[in-house]
Amino acid sequence: MIKQEGTDNSPESGSDKLLDVRNLCIDFQVHDEVHRAVDKVSFSIAPGEVLAVVGESGSGKSVTGLSLTGLLPPPPGCRVGGEVLYQGRNLLECSPRELRQYRGKQIAYIFQEPGTALNPVFTIGHQIAEAIRLHRPGVKDVKAEIVKALDMVKIHEPERRFEDYPHQLSGGMQQRVMIAMALACNPRLLVADEPTTALDVTIQAQIINLLRELRERLGMSIMLITHNFGIVSGFADRVAVMRQGRILEQKDTSGILKSPEHPYTRALIGCIPVLGRKLHRLPTIESETRQEQEHGQT
């Protein structure tokens, strides 16, 4: 049975949770009106697990990821409710100073546009060094750690590229630098917000393969935020489908790809390009709902 929109789609209970989000609500104050961007969202991520949060632009995926460590505007512009339990600690109750102990060190981010996330006036080595000094003050040879991180993300000649500025790198290389910066802090959870946006298909595959290898090597958990079901298969363990600020359904990846329950999920999966399949137009939630109704009447 399809879980109805607006219900609390809580994941299956279990004690082995690195992150446990319960009834997350995010409201934005716009002039005299309050707009709810995320409505009673619940999900969990186990150690070493990859959860893909999939949905169209504006569905609430990115603000959900940003809310985990207080990266959204403070009240009254934005209000966040519910619980964000990281190893049992509710991060929504932490002070800004306490959150800095989690942000970057425990939960690291890869933002969807590395060209704007990286500072153009500093070298990539300087920017990675800043993250290391902030979150790992005990490291003595910072440059060696930077070279190690750049080598881990397969940037050739890391000793030389250390001195490059962001504009000297391609989009794919900039994304690798963002991943290196996140990994340099040894996080347990990596939030990858649209890590393949604006990259061509070949580079997209390289970035996803890199994240897969790093997950297997380091054992870290990953929250993958994406609108593209095409990069989920073979990488994510579970999928949560979001639309209009709510989770419509969530289950293991193979289950959701083989037997999606919600018409919106089927429409998203139907948009994945398949060789040999010719469509006059892409599926929509309306067309999927109509087919479901017609099938039920036969």
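Residues numbered from 1 in each chain as written. Predicted model: local features only at pLDDT ≥ 70, side-chain atom pairs only at ≥ 80, totals over all residues. Heavy atoms only, no water.

Student: Would you mind going over the pairing of strand β6 (residues 107-110) with me for this structure?
Tutor: Neither face of β6 is left uncovered, since the one carrying I107 and Y109 and the one carrying A108 and I110 both have all their residues buried. Note: β6 against strand β7 (residues 189-193), four bridges, orientation parallel. The residue of β7 that forms the bridge with I110 is A192. (Buried < 20%, exposed > 50% of the residue type's maximum accessible area, 1.4 Å probe, protein only. Helix = DSSP H or I, 4+ residues; strand = E, 2+ residues; numbered from the N terminus. Pairing = 2+ DSSP bridges.)

Student: I tried to follow the side chain of D20 on my own but got confused; where do I start?
Tutor: Structurally, D20 can be placed in strand β1 (residues 19-30). The class for D20 is buried, based on a relative accessible area of 7%. Setting aside anything within four residues of it in sequence, one finds D20 in contact with F43, S44, E83, V84 and L85. (Contact = heavy atoms within 4.5 Å.)

Student: Would you mind going over the pattern of salt bridges with me for this structure?
Tutor: Oppositely charged side chains can form a pair if their charged atoms are brought close together. In total, this model carries 14 salt bridges according to the counting rule given. R36 is the partner of D27 in a salt bridge, and the nearest nitrogen-oxygen pair spans 2.7 Å. Notably, a salt bridge pairs K251 with E261, separated by 3.3 Å at the nearest N-O pair. A residue pair is termed long-range when its members are at least 10 positions apart, and K251 in strand β10 (residues 246-252) and E261 in the loop between α9 (253-258) and α10 (263-270) qualify at 10 residues. Sharing partners across several salt bridges, the network here consists of K17, D20, R22 and E83. (Salt bridge = Lys/Arg side-chain N within 4 Å of Asp/Glu carboxyl O.)

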